[in-house]
Amino acid sequence: MTKILYSSNIKDLIAQLYRGKVIIYPTESVFGLGCDPDNKYAIHTLLKIKNRSWKKGLILISANYTQLLKYIDDSRLNEEQRSRAFSILPRPTTWVFPAKINSPYWLTGQFSSLAVRISYFKPIQRLCLAFGKPLVSTSANLSGQPPARTITEVYKQFGSEIPIMYEDVLGKHNPSEIRDIMTNKLIRR
């Protein structure tokens, strides 16, 4: 078995993303599994690792709103709705947007919407800016297991084969809440 790839070297992690690999990186509350949202093979690998159905859809995490415009239908929003995505709330918030008609099914799942989050957490900012686009983001845990909050927990669940950004999570207690961008309705607390 190979050794776990501890790395804070953004260039190494970005190279892995371009090769269609899944990486593990810290988020605001837990470690996340991520990959290139445009690489169907990488998505398939991520879903297999997590033992997750494609029908559930995935979350994209980005450094800024512009990175999301390829995937979301911004034209359906008014200014009030659009400004919600930029609001800094007490906790990280994932917004469910209308997806562009050509957004890949492997991102939207069985839905016509797409969950996205703009993150102000520095490690995520560095990754997304260096990669030049958003990452798929799902909690680093096997289905039915608690999300990994430490490197030790990552290692226990995933072994030693996935490249990892060796930085601590921000320390927020709960994963991001999920809200509908159109109505502001709470979907997950």
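Bear in mind the structure is a predicted one, so any value in this text is a computation, not a measurement.

Draft legend 1. Just the side chain of K133, in detail. Within the secondary structure, K133 sits in the loop between α5 (122-131) and β7 (135-139). Here D38 takes part through its side chain, which lies 2.8 Å from a polar atom of the side chain of K133. Once residues lying within four places of it in the same chain are set aside, the contact partners of K133 are D36, D38, Q67, Y71 and C128.

Draft legend 2. Region of the structure containing the pairing of strand β4 (residues 59-62). By the alternation rule, side chains of β4 split into I59 and I61 and L60 and S62, which are all buried. Relative to strand β6 (residues 113-118), β4 is paired through four bridges, and the arrangement is parallel. Within the sheet, the bridge partner assigned to I61 lies in β6 and is R117. Alignment of β4 against β7, held across three bridges, turns out to be antiparallel. Bridge assignment links I59 to a residue of β7, and that residue is S137.

Draft legend 3. Just the layout of surface pockets, in detail. A volume near 610 Å³ is recorded for the largest pocket. Those elements giving two or more residues to the lining of the largest pocket turn out to be β3 (31-34), α4 (105-108), β6, β7 and β10 (186-188). When residues in the lining of the largest pocket are grouped by element, the largest group, four residues, is from β6. A class-by-class count of the residues in the lining of the largest pocket yields 14 nonpolar, 12 polar and six charged.

What counts as what
Residues numbered from 1 in each chain as written. Predicted model: local features only at pLDDT ≥ 70, side-chain atom pairs only at ≥ 80, totals over all residues. Heavy atoms only, no water. Helix = DSSP H or I, 4+ residues; strand = E, 2+ residues; numbered from the N terminus. Polar contact = N/O pair within 3.5 Å; in protein donor to acceptor, adjacent residues only side chain to side chain. Contact = heavy atoms within 4.5 Å. Buried < 20%, exposed > 50% of the residue type's maximum accessible area, 1.4 Å probe, protein only. Pairing = 2+ DSSP bridges. 1 Å grid on protein atoms, 1.4 Å probe; cavity = no way out; pocket = protein on both sides within 12 Å on 5 of 7 lines; lining within 4 Å. Points joined across faces, edges and corners; volume = space filled by probe spheres on them. Nonpolar A, V, L, I, M, F, W, Y, C, P; charged D, E, K, R; others polar.

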